[in-house]
Amino acid sequence: MEQVTITKERRIPTSGEVFVEIGETVTPDTLIAKGMVPSQEIHELRLYRNLNLDPTSVKDHITKHVGDAVEKDEVVAIARSFFGRQTRMARSPIDGAVTDFSANKGRMMIKGHPVPVEVYAHIPGIVRELYDNEGARLETQGYLYHGIFGVGGETHGELTLAVESGDTPLTSSEIKQEHSGKILVGGSVATLDALREAVKQGVKGIIVGGVDQKDLTYFLGYEIGVGVTGGEDVGLTLILTEGFGVNPIDNDLYGFFMEHAGELACIDGTTHIRSRSQRPEVIIPNLSL
Amino acid sequence: MSSDKRGKFLLVDITHNDTKAILIEENKITGKSKSPTTVDEPTLDVTIGVQDAIKKIESEKNIKLKTENGVTEDVKLLCSSSASGGLHMIITGVISNISGESAQRAALGAGALLIDTFSKDDKRPSYKKIAAMRQTKPDILLMSGGTDGGATSQVLEMADVIKRSDIKPRYGTEYNLPLIYAGNVSIQDQVDAVLGTNGYALKMVENVRPLINRENLGPARESIYDAYMEHVIIHSPGYKNLAEWTDERIVPSQAMVGKMLYEYAQKQELNILAVDIGGDTTDIYSVYNGVFNRSLNAGIGLTYGIGNIVKETGIDNVLRWLPSSFEERSVRNVIGNMMIKPHENLTSEERRIQAAIAREAIKIGVTGHKAIAQRLKGVVTERTLGDMFEQALEPTLLNMMKTQLVIGKGEAFENQTIEDSTLILLDSLQPEGVTELYLDPENMAASLGNLVSHDSLTALKLYADSLDFIGTCIAPKGKLKTGQEALRIDFKDADVSQVFKYGELTVVPIKTMEPVDAQIIPNRLDVGAGRGKSIKRTLRTGKLGLIVDTRGRPMTQYRQTVKLLPFEALGRES
C-alpha cells in the first residue's frame, strides 16, 4: 500500500466559532469548530386545562414569563382555590425557555435550550483552509484503506491485532481488558458475543473480515436499510474488509495491519453504498512527517 | 407525431454497464450492438463506448455511420443516458404532500432519481436539513412551494435553507448546481435575491402547482431536460463531445421509458402497469385512463437497495417465498453481500433469494406508486351519492382489475427463467380479472421512447415486437374454500370446457399464437364483470400459454406448486 495525501473537510452545519488557524498542526482530538443549533423540542402547554381556569384568567397565575429560563418539572403556573386548600399547577416538560405566552388563549410555548454541535479534527494534520464560521480543511500524509462495509462513526486509537491470523474468528475470549481504547484487527468473522464484549471492554473499533448479518442486526437492535451508515451509536466502530458471513481477511491486508500494529489508526465506519460514493476508511497517518 | 424524412436513426442508450446502439432503416431494426459503458475509470470518456458500439454495427453491415465529428448526414443520432446512476435530483417544497408532491411528480416524470426531498413541514429542523442537503450532492435541485400569489415567507425560508446549505453538484465544484425554481411566480424576484448570486445556476419556470387544484408539470420537466443537458451531462466524462455529435438533446433514459409506455398505452387504448427493478431503485410506471405516472423507490433494489427491502418488509416476508430448507442466517448473509458487492454470476441459491426479494420489492414499489398515482391532494372534493357506487373517487388510479397489460423489466427478470419471472409478477402484483403478462428482455424502451418524437409508428411497432409475451392470466377476485370450483372456461373453437378449483395456479400450455375465444364463468368470484358474472374474451396465448391463478385475492398462499394442465385436456396441440 502506498502513502497518500489525505484531506478532510471538517465543518459544522451552522454558524459558530472556528478554533484553528491556517498552518496550525492538529491532533485527532483538536476541536475545530463549535456552534449552537436550535432545539427541536417545542412544547405548547394549555395552561387553562392544567389550572382548570378560563383561558383569559391564566395570565394572573403564571410564574414564568416570556424569556425566562425553565428547568424540567419547574412550575410555570399555579392556581389555588378553596381558600388555598386546593392547588393546581403546570410544570415545564423540558429544560428550556418560555418563548411565547398567549393571554387570550391561556397557552404557553416552551422551547428547549440550543444544542451544541462540535467537530473535531479526527486525524492529525495541518490546517490548509478555513471555512468562515464553520470549520477547516485538514491535510495529512499516510495510508488510506477502504473497507467494504461499516457501522459507527469516526474514532481513533492504537491498532492492535486481536487474533493470530486473518482466518481466525474473533470471539469474546480474545477481547481483553487491555484492549480498552484500541482499534482491534480481528480475523474471519466477529461473533455477536465478541462485539458485545468489545463494547463492554471499551474497545473503540474492530476491523474484521466479516460478520453474520443476523448478528449485526442483533448488535445494532435494528435492520440495516439502504446501506447508509455511520450514525450508529453502538459503542464502537466496526469495519468489514470482505463481506457478510465468515470471510478471512486477505493475506496482504492482514500483513499490512501486522506491520502497522501499535500505530495510531483513525477509522470511520460511514458507508454510503449508493453510487459507490463512500466506503468505510482506515487511516494510518504518518506521524513522522 | 411527425415522421422524420430521413427515416434512418441511430439510437444510443447509455446505461451504467452497457452502451447499446440500434440502427433503424425503413422502419426496421437493421443493426444492434452492445459495448461496455466507458464513463468510469480508467477510460473516463463515454464516447469510447459509443464509438465501439457504432463500429460493431458498421463492421457487421459493412457501412459507414460515424464521421470525425458525429454521424453521417443520412442518419439521425438520438442519445439517452442513465449512466452513473442516472439523473440525481433533490426537490424542495413547502407542504410535502402538495407542492412537494407536484415537484416530485415533475422530477420523476423527467426520469430523475430522487435522492432526498425536503419541505417546510418535514420533521427535520433547519440545521438538520442543511446538514442533509450538504451531503446529497445532486445533479439538479427543483424548488417548489406556494401557489401563485400564495405562500411567501415559507418559500423564502426554504430558499434561505438552500442558500445556507451551499449544495455542491455531483460532478465537482467548478460549476454551479442547477436550481430550478418552480414555485409561487409572484415572488420570483425575492427568490432570485436570496439564491441568484449564491453559487447556484438559478432558472425560473412556471409554478408546478399554480392553483391548489391544478398541476403544471410541463415547464419544470422541460427545464430539467435543459439543465440536464446544459449543466449536468456536459460535466460527465466525454458527454461534451457526444453532445456535439447530435443536434438533439441527450435525455434521461427513464424519461424515455415513460414516454414509450405512455405512447404504447395511448395507441392501444390500454391501462398498463410496468415494473422495473434495478440495483438500487424500483421504478413503477403506469398509464390509467390516459394518465401517466412514474414512481421511484430509491433504495429499493436488488443490489445496493436490497437491505432496505428486508428492513421494510421483514425477513419473514422474504423467507415465505423460499423453500423451508433455506436458513435465515445464510439468507441474510447472501442478501447482505448482494448489497455491498454486486454479483456478476448468481448461484441457484442466490437466484432464488433474489426472486423472493424481487416480489417484495415490487410490493413496496406498488404501495409507493399508489400514493403518486392519485388525485391532487389539498383539493376539497365533493362526493355525491353516485360516486359512492361508481367508485369515481378511488384513492388511487391503480386498479389491478382494470389493468390489461403488465410488463416486467430490469435486473430482477434478467437472471430468472420465464417461469420464475411469471411467478414474480403474479405473486407480487396479484393481477385480477384478465391480464396479459409481458417481459421486456431487450430493454429497448428508452431508445425507442427517444424515437417516439420522430417516428412514433415505427417506435410503437418495434417496441411491441421487442416484448416477450408470457401469456394471458385469468385471476378471479374473492375468496372460496380450497378445492371448491373457482371458475369454468369454455373454449369456444375447441368446444372444450375446463373447471379450475380454488387455491391453484395452473398453466395451460397452449403455445399457439392464435387467439382463443372463451367464456369465463366464475363461481361467486369476480373476473371483471362483478361477482359470479361471466365474461367473454378472446384470449391470446404467449410463451407459457394460458395462466389461471385461482389462489384468491388477496393471496394467502406463498409456497405454491404450479400445476401444469396437459394440452390434451383442451384438445389442442402444442
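First things first, this report covers the structure right here in the doc. Being a predicted model, the structure only gives us computed values, none of them experimental.

So, on to the nonpolar core. In this structure, Met89(B), Ala107(B), Leu142(B), Ile180(B) and Leu261(B) are the most contacted members of the largest nonpolar core, which totals 215 residues. At nine residues, helix H12 (residues 348-372) of chain B tops the list of elements feeding residues into this core. In this structure Ala107(B) touches Met89(B), Ile91(B), Ala112(B), Leu114(B), Leu142(B) and Ile224(B), once residues within four positions along its chain are discounted. Ranked by size, the runner-up nonpolar core spans 15 residues in total, among them Leu51(A), Val58(A), Val76(A) and Met108(A).

Our focus in this paragraph is the sheet that holds strand E9 (residues 96-102) of chain A. Residues and elements named next belong to chain A. Taken in spatial order, the four strands make up an open sheet running E5-E10-E9-E6, and their pairing is antiparallel. Bordering the open sheet on either side are strand E5 (42-46) and strand E6 (69-70), each of which pairs with just one other strand. For E9 and strand E10 (residues 107-112), the ladder comprises six bridges, and the chain directions are antiparallel. Of the residues in E10, the one forming a bridge with Phe101 is Met108.

All right, on to helix H2 (residues 192-200) of chain A then. Residues and elements named next belong to chain A. All buried positions along H2 are accounted for by Ala194, Leu195 and Ala198. End-on view of H2: buried residues confined to an arc of 100°, all on one side of the axis. Buried residues along H2 sit in contact with strand E16 (182-185), strand E17 (205-211) and helix H3 (213-220). Trailing H2 by a residue or two, Gly202 shows a phi angle of about 80°, which is positive.

Before going further, it helps to examine unusual backbone geometry. Cis geometry marks the peptide bond from Arg553(B) to Pro554(B); its omega dihedral reads 0°. Within the secondary structure, Pro554(B) sits in the loop between strand E24 (545-549) and strand E25 (562-564). Phi at Asp73(A) is positive, roughly 75°, even though this residue is not glycine. For Asp73(A), the position within the fold is in the loop between E6 and strand E7 (75-81). When the 10 C-beta atoms within 10 Å are taken as the criterion, Asp73(A) is described as exposed.

Opposite the 21 residues of chain A that make contact, chain B presents 24 residues. Broken down by secondary-structure element, the contributors of at least two residues to the side of chain A that touches chain B are H3 and strand E19 (237-244) of chain A. Class assignment for the residues of the side of chain A that touches chain B results in nine nonpolar, eight polar and four charged.

Turning to the sheet that holds strand E8 (residues 112-119) of chain B, a few remarks are in order. Residues and elements named next belong to chain B. Taken in spatial order, the five strands line up as E8-E7-E9-E10-E11 in an open sheet, and their pairing is parallel. Whereas interior strands pair on both sides, the edge strands pair on one side only; in this sheet they are E8 and strand E11 (200-204). The mean inter-strand angle of the sheet, taken between neighbouring strand axes irrespective of direction, is 20°. Both strand E7 (residues 87-93) and E8 contribute to a ladder of seven bridges, which runs parallel. Pairing of Ile91 across the sheet is with Thr117, part of E8.

Let us now look at the pairing of E19(A). Residues and elements named next belong to chain A. Most of E19 sits inside the fold, with eight of its eight residues counted as buried. Taken together, the three bridges between strand E14 (residues 149-151) and E19 define a ladder with antiparallel strand orientation. Note that in E19 the partner of Val151 across the bridge is Leu238. Alignment of E17 against E19, held across six bridges, turns out to be parallel. Within E19, the residue paired with Gly210 across the bridge is Gly243.

The rules behind the values
Residues numbered from 1 in each chain as written. Chains lettered and ligands numbered in written order. Predicted model: local features only at pLDDT ≥ 70, side-chain atom pairs only at ≥ 80, totals over all residues. Core = buried A, V, L, I, M, F, W, Y, C linked by C-beta atoms within 7 Å. Buried ≥ 20, exposed ≤ 12 C-beta atoms within 10 Å, placed from the backbone. Helix = DSSP H or I, 4+ residues; strand = E, 2+ residues; numbered from the N terminus. Contact = placed C-beta atoms within 7 Å. Pairing = 2+ DSSP bridges. Arc of directions from axis to C-beta. Nonpolar A, V, L, I, M, F, W, Y, C, P; charged D, E, K, R; others polar. Axes fitted to C-alpha atoms, helices over the stretch in contact; angles between N-to-C directions.

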